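Chain residues, written in single-letter form:
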Amino acid sequence: MDTLIGQGRTAIGLICDPDSFVENTVGAKSFDDPSFGPGAVVGTAKLDGKTVTVIANDADAFNEKFPVVYAGIIGMEEGYKMAQAVYASIEADKAESKANKRALVLVVDTPGNGPGKVEEIFGMNKATGAYQLALAEARLAGHPIVAMVIGRAISGAFLCHGLQADHILSLDSKFGTMIHVMPLTSISRIVKKDIEILEKLAEGNPVFAAGPRFFSKLGGVEEIVTEIDGMRDAVIRHVAAVRAAKVAGTDGETTGPWGRGALGAERAGRAVRPEVIALLQSELAQVASRYLPGAN
Amino acid sequence: MSKWSTLLSRSFLESNARERALGLVDDGTFTELVGPFDRRTSPHLETLGEAVEFDDGIVTGIGKIGKTPVFVISQEGRFIGGAVGEVGGAKMVGTIKAAIDFADRIAKDYPNATDEEKPIVAISFETGGVRLHEANAGLLAHAEVMDQLQKARHKVPVIALIGSKVGCFGGMGFVAAATDVIVMSEFGRLGLTGPEVIEQEMGKDEFDSADRALVYRTTGGRHKYVMGDCNFLVEDTIAAFRAQLAELAKLPREKFEELRRIGSEVLVAKQLKGVALAAEMQPKDSRDVWVHAGNPDPVSLALAPVADFRAQAKRLAL
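Below, the structure is looked at part by part. (Residues numbered from 1 in each chain as written. Chains lettered and ligands numbered in written order. Predicted model: local features only at pLDDT ≥ 70, side-chain atom pairs only at ≥ 80, totals over all residues. Heavy atoms only, no water.)

## Some points on the overall build of chain A
In plain terms, the rule: Helix numbering and strand numbering both begin at the N terminus, where a helix is a DSSP run of H or I of at least 4 residues and a strand a DSSP run of E of at least 2. Here the globule rule is a power law, 2.2 Å times the number of residues to the power 0.38, and the radius of gyration is based on C-alpha atoms. For every residue, the accessible area obtained with a 1.4 Å probe (protein chains only) is divided by the maximum for its type, and the residue is called buried under 20%, exposed over 50%, and partly exposed between those limits. Contact definition: two residues touch when any of their heavy atoms are within 4.5 Å. In this description, accessible areas are obtained by the Shrake-Rupley approach with a 1.4 Å probe, and a residue is regarded as covered only by the protein chains that are shown. The sign given to each residue is positive for Lys and Arg and negative for Asp and Glu; His and the chain ends receive no count. Where a charge lies is defined by one atom per residue type, namely NZ (Lys), CZ (Arg), CG (Asp) and CD (Glu).
When helices and strands are counted, chain A shows 12 helices and 10 strands. A compact globule built from 296 residues should have a C-alpha radius of gyration of about 19 Å, and chain A, at 20 Å, falls within 12% of that. Its C-alpha atoms give chain A principal-axis dimensions of about 55 × 55 × 45 Å. Scored against the burial criterion, the 296 residues of chain A give a buried share of 62%. Pairs at least 24 apart in sequence give 71% of the contacts found in chain A among residues at least 6 apart. Entry remark: accessible area of chain A is about 10300 Å², with carbon and sulfur atoms responsible for 53%. Positive and negative side-chain charges of chain A, numbering 30 and 35 respectively, have mean locations separated by a distance of 5 Å.

## A look at the nonpolar core
Using the following cut-off: By nonpolar core is meant a set of buried Ala, Val, Leu, Ile, Met, Phe, Trp, Tyr and Cys residues that side-chain atoms within 4.5 Å join together.
Core analysis: the largest hydrophobic core is formed by 139 residues, its most contacted members being F122 and F158 of chain A together with F125 of chain B. If one sorts the elements of this core by residue count, helix α4 (residues 86-109) of chain B sits on top with 11 residues. Ignoring sequence-local partners within four residues, the contact set of F122 of chain A consists of M76 of chain A together with M227, D229, G274, L277, A278, P283, V289 and L316 of chain B. One finds A17, V181, A240 and L245 of chain B within the second-largest nonpolar core, a separate group that totals 28 residues.

## Observations regarding the environment of K224 of chain B
Cut-off, in case you're wondering: In protein, a polar contact means a hydrogen-donor-capable atom and an acceptor-capable atom, both N or O and within 3.5 Å, with residues adjacent in sequence counting only if both atoms are side-chain atoms; elsewhere, any N or O pair within 3.5 Å suffices.
Tracing the backbone shows K224 of chain B in helix α9 (residues 221-227). Separated by 34 residues in sequence, K224 of chain B and L190 of chain B place their C-alpha atoms 7.7 Å apart. K224 of chain B has contacts with E120, I121 and G123 of chain A together with M184, L190, T218, T219, D229 and C230 of chain B, leaving out every residue within four places of it along the chain. One polar contact links the side chain of K224 of chain B to the main-chain carbonyl oxygen of E120 of chain A, over a distance of 3.1 Å.

## Considerations on the sheet that holds strand β1 (residues 31-32) of chain B
Residues and elements named next belong to chain B. Rules: Between any two strands, pairing holds if DSSP finds at least two bridges. Helix axes use the C-alpha atoms of the stretch in contact, all axes being lines fitted to C-alpha atoms, and the angles between their N-to-C directions lie in the range 0 to 180 degrees.
Strand order in the open sheet formed by 7 strands is β1-β2-β3-β4-β5-β6-β7, and the pairing between neighbours is mixed. The open sheet is flanked by β1 and β7 (232-234), the only strands paired with a single partner. Bridge analysis of strand β4 (residues 120-124) against strand β5 (residues 158-162) gives 4 bridges, and the strand direction is parallel. By the bridge assignment, A122 is partnered in β5 with I159. Strand contacts of α4: β2 (58-65), β3 (68-75) and β4, with the helix running at about 170 degrees to β3, the strand carrying the most contacts.

## Some thoughts on α4 of chain B
What counts here: Helix span is expected to be 1.5 Å times the residue number reduced by one.
Between its terminal C-alpha atoms α4 of chain B stretches 33 Å, which fits the 34 Å expected from 24 residues at 1.5 Å a residue. The buried fraction of α4 of chain B is high, at 18 of 24 residues.

## Focus: the environment of V145 of chain B
Residues and elements named next belong to chain B. With respect to the helices, strands and loops of the structure, V145 is situated in helix α5 (residues 135-152). Each C-alpha atom of the pair V145 and V166 lies 20 Å from the other, and the pair is 21 residues apart in sequence. If we ignore the near neighbours within four places in the chain, the residues touching V145 are M92, V93, I96, M172 and V175.

## Focus: the pairing of strand β6 (residues 181-185) of chain B
Residues and elements named next belong to chain B. Here is the rule we go by: Look down the strands so they point away from you; if going from the first strand over the helix to the second traces a clockwise path, that crossover is right-handed.
Within β6, 5 of the 5 residues are buried, which leaves it mostly tucked inside the rest of the structure. Here β6 shows no split at all, with V181, V183 and S185 on one side and I182 and M184 on the other all buried. The pairing of β5 with β6 spans 4 bridges and is parallel. Bridge assignment links A160 to a residue of β6, and that residue is I182. Of the crossover connections in this fold, the one passing from β5 over helix α6 (residues 171-177) to the parallel β6 is right-handed. In terms of strand pairing, β6 meets β7 through 3 bridges, oriented parallel. Opposite S185, over in β7, you have V234 as the bridge partner.

## Here's the deal with the interface of chain B and chain A
Stated precisely, the cut-off is as follows: Once two parts are brought into contact, the accessible area they lose, counted with a 1.4 Å probe and summed over both, makes up the buried area. Think of a salt bridge as a Lys or Arg side-chain nitrogen and an Asp or Glu carboxyl oxygen that are within 4 Å of each other.
Facing the 95 residues of chain B at the interface are 77 residues of chain A. For the pair chain B and chain A, the summed buried surface comes to about 7600 Å²; carbon and sulfur atoms form 69% of the total. Looking at the side of chain B facing chain A, the largest losses of area belong to L132, N136 and L139 of chain B, adding up to 9% of the total buried there. Summed over the shared surface of chain B and chain A, the result is 6 salt bridges.

## Thoughts on the pattern of salt bridges
A full pass over the atoms with the stated rule returns 40 salt bridges over all chains. Two residues, R102 of chain A and D93 of chain A, come together in a salt bridge whose shortest N-O distance is 3.0 Å. Given the relative accessible area of 11%, R102 of chain A is considered buried. With a relative accessible area of 6%, D93 of chain A lands in the buried category. With its nearest N and O atoms 3.9 Å apart, the salt bridge here joins K255 of chain B to E258 of chain B. Classification of K255 of chain B by relative accessible area gives partly exposed; the value is 36%. A single salt-bridge network, built from bridges that share partners, covers R9, E23 and D58 of chain A.

## Thoughts on the packing of aromatic side chains
Residue and element names in this part refer to chain B. Heads up, the rule is: Two rings belonging to Phe, Tyr or Trp (six-membered ring only in the last case) form a pair when the distance between their centres is within 6.5 Å. Interplanar angles under 30 degrees mark stacking, angles over 60 mark edge-to-face geometry, and anything in between is tilted.
All chains considered together, the criterion is met by 5 aromatic pairs over all chains. Geometrically, the ring pair formed by Y225 and F309 is tilted, given 5.9 Å between the ring centres and 55 degrees between the ring planes. Residue Y225 is found in helix α9, and its partner F309 is found in helix α14 (residues 306-312); the two are separated by 84 residues along the sequence. Note on accessibility: Y225 and F309 belong to one class, buried.

## Focus: the packing of helix α1 (residues 8-15) of chain A against helix α9 (residues 231-248) of chain A
Each packed pair of helices is defined by two parameters, the angle between the axes and the distance between the axes. Residue and element names in this part refer to chain A. Selection rule: Angles below 35 degrees are treated as roughly parallel, those above 145 as roughly antiparallel, those between 65 and 115 as roughly perpendicular, and all remaining angles as oblique. Each residue is assigned to one of three groups, with Ala, Val, Leu, Ile, Met, Phe, Trp, Tyr, Cys and Pro labelled nonpolar, Asp, Glu, Lys and Arg labelled charged, and all others, Gly among them, labelled polar.
Interhelical geometry of α1 versus α9 gives an angle of 70 degrees and a closest axis separation of 8 Å. When the interaxial angle is binned, α1 and α9 end up roughly perpendicular. Contacts between α1 and α9 involve A11, L14 and I15 from the first element and M231, R232 and V235 from the second. Here the contact of α1 with α9 is composed, by residue class, of 5 nonpolar, no polar and 1 charged.

Following this line, the structure appears as C-alpha cells:
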C-alpha cells in the first residue's frame, strides 16, 4: 500500500480494533438518512478496547443535493453532520470523568470546503464554524481528540477537520500526504517569486512550504508517522498521552491549537508568535488599572 | 489623524483600521497594544523581500465605552488585503486571550462588578483569511483564534463588525461566524469562498465575479441580515457601529448565547433546516430566498434606505 488518499474507511479499519467500526451511530444519535452529508463518515468504534468516536471523509461520495461536494470535500451537510457527531459524543459522556470520556479520532483526507453559490447564499462558513466550535467544546470538556492525516489536509478544510484536535499526526509525505494552504507552485505565482527561490528559502523557513515536515517544524503536527502500519499504535499512544494531560490538568498549555503554539516555538518554526503575545500582555499590564471597575 | 469627534461621522468603509478602532471606543480611552512603535514586523515578508508594516496590518488594543472595557481588533485591508500572518495572528489571539484573562481577574478581584464593567471583544474584520507569504503560520493562527472564541464563551462576548472594503472571507469567514454577535453594514461582505474562486469552480455563467451587484446579493450585509447570519444591520458610519457596540456592551452577559447562530446542538439543528431548504429550493439567486422569507418585492427592498429596509425586511424563519 503506497497511499491512503481517498481511502478513509480503509484507514479507519487500520487504526481501530478489527471490525469494531459501526457507522452512523454515536451515543444516542443515529444518522439514518444515507443521502445526508455522504462526504462525512461518522460512527463509533473501539480503539484498544475503548469506545471512540470516529469522524472521517469519504472521497467516493457525491452529494446529489450539493454538487460541489465530492472527492472528500466538506459541504454544508457534511460540516453539520460532523458537528452533530461531536455533540452526541459530549452528550453520551457528560456524566463521565476526564479519565473516561471517549476519545475522538479524526481521520483527515479532505481537499476543501464546498465552494458554491448556494453554499455562499446559505452560509457555508457557518457549517465549518459549527464543527470547529463543537470540537473545541469537546476538547475543553475533556475528550481527547487526535487527528490522523492520511491524505489531503488542505487549508480551510484542515482548519475545519483537524486543527482543533489536541494532537495531530500525519503519515509521512512518501505516502502522498499533503498539508498546505496552497501548493508552492501557486504561492510562487501569487507572491511573484520563482519556485526555485522559494524552495531554497523554505529550507530555512517553513512558513510557506507545503507538506507535513514543514508543519511539524511549526508545531502544527505533533508527530509524523513513517509507516502505515504504525498509525494504530501512534493514535493509541497519543490518545493516552492527551488523556493523561487532561486528567493532570496540563492539557490547556500543552495540547490543542494553543499547545501547538508552544511546540512551534520549541521547534523554532514559529519563534515570533510567543514574543508578540508576551509583549501584548506586558503592555496591557502597564495600563490595566485604567480599565478595571471603578477606574476613571 | 483626525480628531475623535470628526471620526464618528466618517464612513466605516472608507476609514482605515486605526480610525475604526479609535472611533469605536470613547474619546481618549484607546491604548494600542503592540502598536507600530513596537515595530513587530513580519520576519517572513522580509525573508521574501516584501514590504512590511510596523503593525503587520492589524490594530489591537483596549479602550472603553462607558464603563465597559473593550478589547479591539481591527484588520487593515490596505496591507496585503488584511491577510493574517504569524505576527498579526498572534496579536489577534493574544488580544482575545488577554480579554479572557482580564475577565477572570475581574471575577476574582471585583466580585461585585456589574456586567457593564466586564470586558467585551470587538473585531473589525477586513480580510480574505490566510496570508499566502506565510501561509502555514497564518493557518495555524486561525485555529488558535477559533480555540480562543470557544474559551471566551459564557465569559467574554465577542462581537464581529463587518463593514470594510475587503469583507470577511476565507478562514476568517468561519471565525466571524463563530463569534457571539455579528454587526454589518450593507457594504460589508461575509462568506467563505471569495467570488473569484466560485467563478473558477463553477464557471462564469454560473457566477460572474465581476458582477458587483451579484457579489453583494450573495454575501452582502442586507442578504446576511435576511438570512439571520448577521444580527444587526447598521448605517455605514463609525458612529453607527459604535452605537450598536455600546448597546451590546450594556446587555446582560448571559443574553449573548441567544444571539449566536452556531455553537450548540440546538443551533446546528436549526441551521440544518436552512440547509434542507437550500437543497429543496436550489436557489439561482439570493433573491429567491428573500421571496421565500416573505419579501415579495426584493428588488425594491434591496434599494430602500437602510432604516426602511430594517423596518420592512422579513427575515428567514427557520
